[in-house]
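What follows is the residue order along each chain.
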Amino acid sequence: MAINYADSAKEIVRLIGGDNNVLSVTHCATRLRFVLKDPSQVDVESLKRVQGVITAVKASGQMQVVIGNHVSDAYREVQNLLNIDENAAVEAPNVGIVNRIMDIISSIFAPFLYPLAACGVLQGIISLLTAIDLMDPAGGTYRILNFVSWTGFTFLPVMVAFTAAKKFNVNPFTAVISACALVSPDYLNMLTANKILTVNSADPAMQALMKSAVENPAIAKVLVEVAGIPIESAPLTFMGLPVEYLSYTSSVIPIILMVWGMSYVQRFFERILPMVIRNLFTPMFCIAIMVPLTLLAFGPVGNMIGGAIGGVYNTLYHLSPAVAGFVVGALWMPLVTLGVHWGITPVTVGNYATLGYDTFTGLQASAVFGMAGAVLGVYLKAKDAELKRLALSAGVTALFGITEPAIYGVALRLKRPMICGCLAGAGGGVIAGAFNAVSWSYCIPGIAVLPVFFKEGHMTQFLGFLMSISVAFILGIVFTWIAGFTENTQPNTRAMAQPGTV
């Protein structure tokens, strides 16, 4: 029997204090995230028993209601019941700096995670089809699908700007236009011209070739007039200040900093400009100030921060990939329960942009499959029919990368399966690290995105990855079977969705 999320939404809104208590609501892959005026009005225990709700937790200054795969259905019904002024400023929750950062990251990335992951899956599929000679890399089909698959990453700054604008109470279209400026063809041509003029190849022959090509009038004319590459222009400056040539495609932190700064610029001009010109000139000043300021300051600073964060992780990883795999495999699920797992997202996105692959996702997958195995181990060992049904539903969902139903609905409630899943993830993570398993494009690890971990010429890494998730999955089942659990602590049946709905 399918869940009526319209009825569930009415109960959820009532139990969090009603429409008047809600400042804002968003959702991530599995959770409704409410910012409330008075969190004390929430009846948490009753909220956990609402049909379709897996659990409810207070974290990062939010009331988070875990729904599972059907969170978008619940979100749509909740929105129909709320009257929220989207232009009204929402004060940041009074929480610590770590929770505040996690809240910002989750609010920015959650809305477009699945579309971005879909681009990654498409990349993996066409790479696999090319490797087995079912698609010609020189053919039109491959070329079209290839550039389509890269579009989400090329224009990632635009998506980040839009969601960051929602978070920082900025006009989203002003933020989007500013981000578009940083990935516009004119600016990219300036970057190309700089690369040509300052080629730093270690090969003297290559340097000589590029120099002679630029000095050839015919070639220079083609570059300028046909390709639109301004190789004859002066170095890029703004009001006499030199601009650092940085690419903002796939950029994250500089865009977040830009939109954050824009929130102050927008509020300043909304306060001082007369109403008759405010709507026109506030966006103009925001664009005219923030794009150059990003090129001069926020871009280099953000690039440095992103590089430093990614550099720390990659340095630690290369000290011992197997140890890194053990740590990630063991701790990823506890981090999910604490809500701090979002902190790794800028690192993984940055790795794809700078390295072309990401090692963390290759390790993280073992934790996902280990938890899926542990919960399916509950299904195999349990005697109670209701618990078996819930475990099967949550376990299958976990195989596709959505682990909250498995964690909250089964593993944490029974306790031992949670430990078993973490140990299984650690075992698989060691193998993934030993084989240097990587993901070649952004994804949410699960059985449906396996092509993302494949790339022609890297078969050993791919086979090692398959071995790691298989071992993690099997160990999860075996550990849970051996450790056992007490069945009378099974979750309230109203808290879990019916078969086929999670």
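Every value quoted in this text rests on a predicted model; they were computed, and no experiment measured them.

The rules we used
Residues numbered from 1 in each chain as written. Predicted model: local features only at pLDDT ≥ 70, side-chain atom pairs only at ≥ 80, totals over all residues. Heavy atoms only, no water. Core = buried A, V, L, I, M, F, W, Y, C linked by side-chain atoms within 4.5 Å. Buried < 20%, exposed > 50% of the residue type's maximum accessible area, 1.4 Å probe, protein only. Helix = DSSP H or I, 4+ residues; strand = E, 2+ residues; numbered from the N terminus. Contact = heavy atoms within 4.5 Å. Expected span 1.5 Å × (residues − 1).

A. Focus on the nonpolar core. Core analysis: the biggest nonpolar cluster contains 51 residues, and Phe109, Val259 and Tyr442 have the highest contact counts within it. Those elements giving two or more residues to this core turn out to be helix H4 (97–109), helix H5 (113–131), helix H7 (156–168), helix H8 (172–182), helix H9 (185–197), helix H12 (253–272), helix H13 (275–319) and helix H15 (345–354). At nine residues, the largest contribution of residues to this core is made by H12. In this view, Tyr442 contacts Leu113, Leu116, Ala117, Gly120, Phe153, Thr348, Val349 and Tyr352; residues no more than four positions away in its chain are not counted. Counting residues in hydrophobic clusters, the runner-up holds 49 residues, among them Val66, Tyr317, Leu363 and Ala382.

B. Local environment of helix H17 (residues 385–399). For H17, with 15 residues, the first-to-last C-alpha span of 21 Å sits near the 21 Å given by 1.5 Å per residue. Within H17 the residues assigned to the buried category are Leu387, Arg389, Leu390, Ala391, Ser393, Ala394, Gly395, Thr397, Ala398 and Leu399. On the buried face of H17, the contacting elements are helix H16 (359–381), helix H18 (404–414) and helix H20 (459–483). Phi turns positive one or two residues past the end of H17, at Gly401, with a value near 100°.

C. Expanded view of unusual backbone geometry. For Asn169, which is not glycine, the phi dihedral falls at a positive 60°. You can see Asn169 is positioned in the loop between H7 and H8. Residue classification places Asn169 among the partly exposed residues on the basis of a relative accessible area of 22%. One non-glycine residue, Asn436, adopts positive backbone phi at about 55°.

D. Summary view of the environment of Ala193. Of note, Ala193 is situated in helix H9. In this structure, the C-alpha to C-alpha distance between Ala193 and Ser233, residues 40 residues apart in sequence, is 8.7 Å.

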